[in-house]
Amino acid sequence: YDERLKRKILDDNQISDYHKAMLLSSNGCTAREFYNQAQILGIAIENMDEESKPEDLDNDWLHYFMNAASMISEEQMKNTFGLLLAKAREDNSFCSKSLLHTLSVMNSQRAKDFVNLSRFSYVRMDENSISDKDISYLPVIFFVHSDGIFNYKDFGIGNQGMVELERLGLITVDAVKG
């Protein structure tokens, strides 16, 4: 953040040390949040379709997105948010605010866990059409071994990862003993 502002705050005898600390912390957070937003916006611009129409983005959605983006400091998640914004500019119904919220509280390891788990899917396609719009991917996460034991760690997902994905509301774990 601006060193001149920092120096002005520190040199002001009218402000208590406690209030100086609050002001310096707030100023630092604002600069860091702006930096996060700027990096994410840069990634989005690099990946935008030339025909995308930023003016078509819903203002409420964009405000929510930028607030969430300000808190993203992990590089991999910044990349995810940048790609998300680029795609949303092409299709403004691409991502809901609830998905934005989930992504904003998720770290990159949980995102990797979810991607690994999502690879198990059933493809449903209308046999009378060849359009991509007629293809549905339905998640199927059901494993049976002859010994009745399945270890998600075989796919890079530990027990903690499964618990965290459930806490984020991305999956429901229902263990049934048979």
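Considering the environment of R119
Take R119: it is sitting in the loop between α6 (108-118) and β1 (121-125). For the pair R119 and F155, spaced 36 residues apart in sequence, the C-alpha separation works out to 10.0 Å.

Comments concerning the pattern of salt bridges
Under the criterion given, the structure shown has four salt bridges. Between R167 and E164 there is a salt bridge, with its nearest N and O atoms 2.8 Å apart. Separated by three residues within a single helix, R167 and E164 lie in helix α7 (residues 159-167), roughly one turn from each other. The class of R167 is exposed, set by a relative accessible area of 61%.

Side note on the packing of aromatic side chains
For any pair of aromatic rings, geometry is given as the distance between the ring centres together with the angle between the planes. The full count for this structure, using the stated rule, is two aromatic pairs. Aromatic side chains W61 and F65 sit 5.3 Å apart centroid to centroid with 20 degrees between the ring planes, which places their arrangement in the stacked category. You can see W61 and its partner F65 sitting in helix α3 (residues 59-70), four residues apart, about one turn around the helix. Through successive ring pairs, a cluster of aromatic residues spans W61, F65 and F81.

Reading the values: the criteria
Residues numbered from 1 in each chain as written. Predicted model: local features only at pLDDT ≥ 70, side-chain atom pairs only at ≥ 80, totals over all residues. Heavy atoms only, no water. Helix = DSSP H or I, 4+ residues; strand = E, 2+ residues; numbered from the N terminus. Salt bridge = Lys/Arg side-chain N within 4 Å of Asp/Glu carboxyl O. Buried < 20%, exposed > 50% of the residue type's maximum accessible area, 1.4 Å probe, protein only. Phe/Tyr/Trp six-rings, centres within 6.5 Å; stacked < 30°, edge-to-face > 60°.

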